[in-house]
Amino acid sequence: QKAFFDKFITIRKKLIDSLDIDSPDSHHLPIRFLLALEREIHIFLSLVGGSSAYTVIKGALNVYGNPSSQVYLMKESSNSMTALLQHLAVLIRGFGRLGREKDLELLNEVKNNEDGFLALGNDARHEALIRRILGWVDAAKNNITNRNSKATSQREPE
């Protein structure tokens, strides 16, 4: 488990390094490649579940769900905005699988950041992407609420 998380942390550090350079060079891995690696890890963890997966996905949602986060404000972020935002959609959907009822507030915060996300771009495609991504928030909240309702009804004696 430690080796897995060390690799995950290395990917995140390399992503931040790549987003923060003035011009791409051969010493940095491509941003799209690093985002794809991180996204695949998040998808895998969302499917596997468990407390470690929950912690990782929630932490990533705290980062990618905030338009003021470092990942959106770095030198190369604007050139990778679509990929970064698509990653947010994956996290929202994954969190719908893992989140708990107490986490609904985090999803509300992401949705309330709509204006901040819209400010990260300036065209109709960007706006449509934001609206589509934030539409997943309601689906994730419904998944969490429905799963909690089923768990509660299964515990109650008839």
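None of these values were measured; they are calculated from a predicted model.

Student: Quick rundown of helix α1 (residues 2-19)? Include the residues and the values.
Tutor: In a regular helix each residue adds 1.5 Å, so 18 residues correspond to 26 Å; α1 covers 26 Å between its end C-alpha atoms and thus fits that length. Of all the positions in α1, only Phe8, Ile11, Arg12, Leu15, Ile16, Ser18 and Leu19 are classed as buried. Looking straight down α1, one finds its buried side chains confined to an arc of 165°; they lie on one side. When the buried face of α1 is taken as reference, the exposed residues oriented beyond 90 degrees from it are Lys2, Lys7 and Lys13.

Student: Can you lay out the packing of aromatic side chains for me, pointing to particular residues and giving the numbers?
Tutor: The final tally for this structure, using the stated rule, is four aromatic pairs. Summarising the aromatic geometry, the rings of tyrosine 54 and phenylalanine 95 are spaced 6.2 Å apart at their centres and angled 20° between planes, so their arrangement reads as stacked. Separated by 41 residues along the polypeptide, tyrosine 54 in helix α3 (residues 51-64) and phenylalanine 95 in helix α5 (residues 81-98) bring together distant segments of the chain. For the pair tyrosine 54 and phenylalanine 95, a shared accessibility class is recorded, and that class is buried. Taken together, a centroid distance of 6.5 Å and an interplanar angle of 90° make the contact between tyrosine 64 and tyrosine 72 edge-to-face. Ring-pair connections join several aromatic residues into one group, and the members of that group are Tyr64, Tyr72 and Phe117.

Student: Break down the nonpolar core for me, citing the residues and quoting the values.
Tutor: Counting 43 residues, the largest nonpolar core has Leu61, Tyr64, Tyr72, Leu85, Leu88, Ile92 and Leu107 as the members making the most contacts within it. If you list the elements that add at least two residues to this core, you get α1, α2 (31-48), α3, α4 (70-73), α5, α6 (104-112), α7 (114-118) and α8 (124-155). Top contributing element to this core by residue count: α5, with 10 residues. Contact partners of leucine 61, with chain neighbours within four places excluded, come to Leu88, Leu91, Ile92, Phe95, Leu106, Leu107 and Val110.

Student: If you had to explain the packing of α1 against α2 to someone new, which residues and values would you point to?
Tutor: Orientation of α1 relative to α2, taken along the N-to-C sense of each, is 145°, at an axis distance of 9 Å. Considering the relative orientation of α1 and α2, their crossing is left-handed. In this structure, α1 contributes Phe4, Phe8, Ile11, Arg12, Lys14, Leu15, Ser18 and Leu19 to the contact, and α2 contributes Ile31, Leu34, Leu35, Leu37, Glu38, Ile41, His42 and Leu45. Here the residues of the contact of α1 with α2 are counted per class, giving 11 nonpolar, two polar and three charged.

Student: So what's going on with a nonpolar patch on the surface? Residues and values would help.
Tutor: A grouping of Phe4, Phe44 and Val48 is seen on the molecular surface, where their side chains present a nonpolar patch of about 280 Å² in accessible area. Relative to the helices and strands, phenylalanine 4 resides in helix α1.

Student: Break down the pattern of salt bridges for me, with residues and values.
Tutor: Tallied over the entire structure, the rule returns six salt bridges. The salt bridge involving arginine 12 is made with glutamate 38; its shortest N-O contact spans 2.5 Å. Placement of arginine 12 in helix α1 and of glutamate 38 in helix α2 is noted, with a sequence separation of 26 residues between them. When sorted by exposure, arginine 12 lands in the same class as glutamate 38, which is buried.

Student: Can you lay out the side chain of histidine 42 for me, pointing to particular residues and giving the numbers?
Tutor: Topologically, histidine 42 is positioned in helix α2. At a separation of 3.1 Å, a polar atom in the side chain of histidine 42 contacts the side chain of histidine 87. Not counting residues within four places of it along the chain, the set of residues in contact with histidine 42 comprises Phe8, Arg12, Val56, Ile57, Ala60, His87 and Leu91.

Student: Provide a residue-level description of the packing of α2 against α5, including the pertinent values.
Tutor: Two numbers describe how α2 lies on α5: the axes approach to 9 Å, and their chain directions differ by 10°. As far as their axial angle goes, α5 and α2 are roughly parallel. Residue-level contacts link Arg32, Leu35, Glu38, Arg39, His42, Ile43, Leu45, Ser46 and Leu47 of α2 to Ala83, Leu84, His87, Val90, Leu91, Gly94, Arg97 and Leu98 of α5. Of the residues that constitute the contact of α2 with α5, the class distribution is nine nonpolar, four polar and four charged.

The rules behind each value
Residues numbered from 1 in each chain as written. Predicted model: local features only at pLDDT ≥ 70, side-chain atom pairs only at ≥ 80, totals over all residues. Heavy atoms only, no water. Helix = DSSP H or I, 4+ residues; strand = E, 2+ residues; numbered from the N terminus. Expected span 1.5 Å × (residues − 1). Buried < 20%, exposed > 50% of the residue type's maximum accessible area, 1.4 Å probe, protein only. Arc of directions from axis to C-beta. Phe/Tyr/Trp six-rings, centres within 6.5 Å; stacked < 30°, edge-to-face > 60°. Core = buried A, V, L, I, M, F, W, Y, C linked by side-chain atoms within 4.5 Å. Contact = heavy atoms within 4.5 Å. Axes fitted to C-alpha atoms, helices over the stretch in contact; angles between N-to-C directions. Left-handed = near helix turned anticlockwise from the far one by under 90°. Nonpolar A, V, L, I, M, F, W, Y, C, P; charged D, E, K, R; others polar. Patch = residues over 30% accessible without salt bridge, like charges linked within 9 Å, V, L, I, M, F, W, Y side chains within 5 Å. Areas by Shrake-Rupley, 256 points an atom, 1.4 Å probe, with all protein chains shown as cover. Salt bridge = Lys/Arg side-chain N within 4 Å of Asp/Glu carboxyl O. Polar contact = N/O pair within 3.5 Å; in protein donor to acceptor, adjacent residues only side chain to side chain. Parallel < 35°, antiparallel > 145°, perpendicular 65-115°, else oblique.

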